[in-house]
Amino acid sequence: MPDEEVDAVVVGMGPGGEDVAGRLATAGLNVIGVDNRLLGGECPYYACIPTKMMVRGAGSLAEARRVPRLAGDARVSPDWTRVADRIRDEATTDWDDSTAVERFESTGGRFLRGLGRVTAPGEVTVSTSSGEQVLRARRALVLNPGTEPAVPPVEGLAGTPFWTNREAVRARELPSSLVVLGCGPVGMEFAQIFARFGVTTTAVESSPRLLPGSEPEASACITEVFTGEGITVRTGTSATRVHHDGKHFTLELDSGETLTAEQLLVTTGRRTDLAALGVGNLGLPEDGGTIDVDGRMRAAEGVWAVGDVTGHGAFTHTSIYQARIAAADVLGNGEETADYRAEPAVTFTDPEVASVGMSESRAREQGLPVRTGVAAIPSAPRGWIHKAGNEGLIKVVADTERDIPLGATVVAPLGGEVLGALAVAVHTQTHLAQLRRMILAYPTFHRTIETALDQLAE
Ligand SMILES: Cc1cc2nc3c(=O)[nH]c(=O)nc-3n(C[C@H](O)[C@H](O)[C@H](O)COP(=O)(O)OP(=O)(O)OC[C@H]3O[C@@H](n4cnc5c(N)ncnc54)[C@H](O)[C@@H]3O)c2cc1C
Ligand SMILES: NC(=O)c1ccc[n+]([C@@H]2O[C@H](COP(=O)([O-])OP(=O)(O)OC[C@H]3O[C@@H](n4cnc5c(N)ncnc54)[C@H](O)[C@@H]3O)[C@@H](O)[C@H]2O)c1
């Protein structure tokens, strides 16, 4: 017998879970949201928001260091305390979710802190500090468990005091030296942040290039920037053994090199434990890392899943987008089905690496008639004016038969903002001929889109 029967149970209250639960409660459903950690999930407490505060601090230092090339003299003394205080006081309220809980409960929903496990279709058993509670969802079970940092099975690593993103955003003091293991978006953002605060940083990536999920031109550009800023880059290699002597980490790489640093940050990807979540009790596979959903986020009869666990890009904007679709479907008024053709992604390095839609290699793999146009930012009017910190490019991937953009990458100062125009074009499948007829303001960064489009026409 369940302890409580409600209309909907949401397990995992990350950005997507919180959004679905709030929408359902606002619509008048009786909803319980379950999370064993903080309501809001990874993004506000350990990911997007605190890291972007770090990026802002690091960016202001970098801009000040550009003053001698542009405007006179400036001396910069980095002080991590300002960033650490901002994260503690403004971003996370010392990792306290009371305000988020109040906000959710003001919609009429109820929050239960505990670890949820699906124990039968429509049934969730929650382990709380005061014992187990069995919940029954009459109408909807929504799963939004998100991800945890994945730690590779490197000999000697377990048990050492290495950081993941969760420790890194809580750092009150910085180490003098750091190895960042894994250079996807998470590792790249942290590596540049800490290096700009004076930490001697080495970035290690097992793939042949940094940010391997991006276009090769973007990887090449950002590698040059990192190297120029004094970050030591090691690609195509990984750690085979880690040792911590109480003060320093030593990493043996499979290239034969040995690295030593005061701290090690492991950013080698994310994992989800579907067996622990009990999805097998819904008839769903537990061995993969993702839950398959249809266009309305349905995973099984009466079950919806949203967020990183669906494997459609691990971004807050995607999780919230899916949440809107799932909530509408639960409420029976959903017309919309998910469309990821123009899903944007921004890695907040400086320059930002922003992309939307298909990469060139993905388009070619699909056998599409592809042509690309690439335009350099430094030689474009705004890039030339900008001078210090002007590294970047705009790449457009086009379908030559349909004359539409399939995807685009922008590496530029505020590249994520520049991407907006191209994201609209990819989303709406605007013809390239139509885009070429646009007037783009002079001298903006986004005007470089015109040069990339001209290349496509040549
Ligand atoms: C360092 C870093 C920086 C990032 N920066 C950005 C960025 O700038 N922009 C962006 O769009 N994305 C960014 N991301 C990705 C972003 O954080 C995630 O995509 C986002 O949090 C959405 O995740 P989600 O909704 O799937 O759930 P999550 O945020 O992962 O939350 C899931 C919640 O479910 C809880 N939970 C899990 N299992 C259970 C269970 N069995 N019972 C109860 N509760 C459970 C977890 O404790 C957690 O609170 C970043 C990620 C990292 C790591
Ligand atoms: N700004 C954003 O929107 C943003 C920021 C951060 C993360 N995210 C999302 O969060 C998700 C997770 O990002 P992430 O960077 O943690 O994971 P990721 O999987 O994208 O990158 C991990 C990197 O580590 C490398 N790696 C794996 N094992 C290794 C090893 N043993 N040694 C060396 N390198 C190793 C991989 O080749 C990969 O490049 C991504 O989907 C990302 O898009 C988004």
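Residues numbered from 1 in each chain as written. Chains lettered and ligands numbered in written order. Predicted model: local features only at pLDDT ≥ 70, side-chain atom pairs only at ≥ 80, totals over all residues.

Let's talk about the packing of helix α3 (residues 48-65) against helix α8 (residues 185-196)
Counted only if it meets this: Axes here mean lines fitted to C-alpha atoms, for a helix over just the part in contact, with angles spanning 0 to 180 degrees between N-to-C directions. Strands are runs of DSSP state E lasting at least two residues, helices are runs of H or I lasting at least four, and both sets are numbered from the N terminus onward. Angle categories are assigned with fixed cut-offs, so that under 35 degrees is roughly parallel, over 145 is roughly antiparallel, 65 to 115 is roughly perpendicular, and the rest are oblique. Here a crossing is called left-handed whenever its near helix is offset anticlockwise from the far helix by less than a right angle, and right-handed whenever the offset is clockwise. By the convention adopted here, residues make contact when the C-beta atoms placed from their backbones lie within 7 Å. Classification convention: Asp, Glu, Lys, Arg as charged; Ala, Val, Leu, Ile, Met, Phe, Trp, Tyr, Cys, Pro as nonpolar; all other residues, Gly among them, as polar.
Between α3 and α8, whose axes approach to 9 Å, the crossing angle comes to 45°. Between α3 and α8, the crossing angle belongs to the class labelled oblique. Between α3 and α8 lies a crossing of left-handed hand. Side by side, α3 and α8 meet where Thr51, Met54, Val55, Ala58, Leu61 and Ala62 of the first sit next to Glu189, Gln192, Ile193 and Arg196 of the second. Taken together, the residues of the contact of α3 with α8 sort by class into six nonpolar, two polar and two charged.

Brief notes about the nonpolar core
Let me state the cut-off plainly: Structurally, a nonpolar core is described as a collection of buried Ala, Val, Leu, Ile, Met, Phe, Trp, Tyr and Cys residues joined by way of C-beta atoms within 7 Å. Around each residue's C-beta, the other C-beta atoms within 10 Å are counted; 20 or more make the residue buried, 12 or fewer make it exposed, and counts in between make it partly exposed. All C-beta atoms are placed from the backbone. All the domain ranges listed were derived from an automatic or database domain assignment.
Counting 78 residues, the largest nonpolar core has Val179, Val180, Ala191, Leu264, Leu265, Val410 and Leu422 as its most contacted members. Among the elements that take part in this core, α8 stands out by supplying seven residues, more than any other. A domain-level breakdown of this core finds at least three residues from each of domain 2 (165-268) and domain 3 (344-457). Those residues in contact with alanine 191 that sit more than four places away from it in its chain are Val180, Cys183, Thr201, Ala203 and Ile231. Grouped together as the second largest cluster of nonpolar side chains are 46 residues, Val20, Val124, Val126 and Leu274 included.

Remarks on the confidence of the model for the chain
Selection criterion: The quantity known as pLDDT measures the predictor's confidence residue by residue, on a range of 0 to 100.
In this model, the chain carries an average pLDDT of 98, and 100% of its residues clear a pLDDT of 70 or more. The weakest mean pLDDT in the chain belongs to helix α16 (residues 448-457) at 95; the strongest belongs to α8 at 99. Scored as a complex, the prediction yields pTM 0.98 and ipTM 0.97.

Overview of the sheet that holds strand β8 (residues 177-181)
Our working rule: Two strands form a pair only when DSSP identifies at least two bridges running between them.
Reading across the sheet, the four strands line up as β10-β9-β8-β14 and stay open at both edges, with parallel pairing between neighbours. Each of the sheet's edge strands pairs with one partner strand only, and the pair in question is β10 (232-235) and β14 (263-266). Strand-to-strand twist across the sheet, computed as the mean angle between neighbouring axes with direction ignored, equals 15°. Bridge count between β8 and β14: four bridges; the pairing is parallel. Bridged to leucine 181 within β14 is valine 266. Sitting on the sheet, α8 touches β8, β9 (200-205) and β14, and the angle it makes with β9 is about 165°.

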